Amino acid sequence: KAGNKTGFARQHSLNPAALERAATIRDQLKDLIRQAWGAKQIASCGGPTKWYIVRRALLKGCFTQTARRDEVNQNAYQTLLTRQVAKLHPQGVLFRRRPPPACVVYAELVTTTKNYLRTVTEVDPSWLGELCPQHFAATPKATLRSET
């Protein structure tokens, strides 16, 4: 909706092509919801003050792709399912965040000479036990339950 989309994206360290793709996918999803359920109007999650709702939904749906920041090496993460060590991808927005997020959901684990988490979203570690109690112990560390 902004007049200068590229300028806005650069100002906020966002990828303009990715934003355009996200807008296209959003429009497609809205059309599908309207067709499938006959929805006349689709409400937003409520804006920036309620983005935690979206982040909680991402965690609930993608809990197998979560990683926790290493306590010793603060720039590294360990995936909770496969225990692989990875860093945030340098082109990601959260890469420059200080301190880095304690826990993230990632869309892709990229392996080059190192492992990188790409397309990440910060999540609250305490949500793991709350939203996925069958897989994570409800502790401050939110450890993966062992299969016995």
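The structure presented is a predicted model; accordingly, all values stated were derived computationally and were not measured.

Rules behind the numbers
- Numbers given to residues run from 1 along each chain, matching the order in which its sequence is written.
- In view of the model being predicted, local features appear only for residues whose pLDDT reaches at least 70, and side-chain atom pairs are presented and counted only at 80 or more, with totals across whole chains, interfaces and linings using the full set of residues.
- To get the side-chain values, take all heavy atoms of the structure and skip hydrogens and water.
- Two joining distances apply to patches: 9 Å for like charges and 5 Å for nonpolar side chains (Val, Leu, Ile, Met, Phe, Trp, Tyr), and every residue must have over 30% relative accessible area and no salt bridge.
- For the accessible areas, the method is Shrake-Rupley and the probe is 1.4 Å, while residue cover comes only from the protein chains on display.
- By salt bridge we mean one thing: a side-chain nitrogen of Lys or Arg within 4 Å of a carboxyl oxygen of Asp or Glu.
- Here a strand is any run of E in DSSP of at least two residues, a helix any run of H or I of at least four, and the numbering for each starts at the N terminus.
- Here a pair means two rings of Phe, Tyr or Trp (six-membered ring of Trp) with centres within 6.5 Å. Their orientation is stacked below 30 degrees between planes, edge-to-face above 60, and tilted elsewhere.
- Categorising residues by exposure relies on relative accessible area from a 1.4 Å probe, with only protein chains included: less than 20% of the type maximum marks a residue as buried, more than 50% marks it as exposed, and the intermediate range marks it as partly exposed.
- Cation placement over rings: the criterion is NZ of Lys or CZ of Arg within 6 Å of the ring centroid and within 35° of the ring normal.
- In what follows, a contact means two residues having at least one pair of non-hydrogen atoms within 4.5 Å.

Draft legend 1. How the structure looks around a nonpolar patch on the surface. Together, Phe 8, Leu 14, Leu 19 and Val 93 make up a nonpolar patch on the protein surface, roughly 310 Å² of accessible area in all. In this structure, Leu 14 sits in the loop between helix H1 (5-11) and helix H2 (16-37).

Draft legend 2. Region of interest: the packing of aromatic side chains. Summed over all chains, the structure comprises one aromatic pair. When the ring of Phe 63 is compared with that of Phe 136, the centres are 6.4 Å apart and the planes differ by 85°; the resulting orientation is edge-to-face. Residue Phe 63 is found in the loop between helix H3 (52-61) and strand S1 (66-69), and its partner Phe 136 is found in the segment after helix H4 (126-131); the two are separated by 73 residues along the sequence. As far as the burial class goes, Phe 63 and Phe 136 line up, both buried. Over the aromatic face of Trp 127 sits the side chain of Arg 56, whose NZ or CZ is 5.3 Å from the ring centroid.

Draft legend 3. The pattern of salt bridges, seen in detail. Following the criterion strictly, the structure yields four salt bridges and no others. With its nearest N and O atoms 3.8 Å apart, the salt bridge here joins Arg 34 to Asp 31. Of this pair, Arg 34 and Asp 31 both sit in helix H2, three residues apart, which is roughly one turn of the helix. Classification of Arg 34 as partly exposed rests on a relative accessible area of 33%. A salt bridge links Arg 97 to Glu 122; the nearest nitrogen and oxygen atoms lie 2.9 Å apart. Taken as a pair, Arg 97 in the loop between strand S3 (85-88) and strand S4 (103-111) and Glu 122 in strand S5 (residues 115-122) lie far apart in primary sequence, 25 residues in all. In this structure Arg 97 comes out as partly exposed when scored by relative accessible area, which is 33%. A relative accessible area of 25% means that Glu 122 is categorised as partly exposed.

Draft legend 4. Highlighting the environment of Leu 94. If you trace the backbone, Leu 94 turns up in the loop between S3 and S4. A relative accessible area of 14% means that Leu 94 is categorised as buried. For Leu 94 and Val 104, which are ten residues apart along the polypeptide, the C-alpha to C-alpha distance reads 9.8 Å. Setting aside its immediate chain neighbours within four residues, Leu 94 contacts Leu 88, Pro 101, Val 120, Thr 121 and Glu 122.

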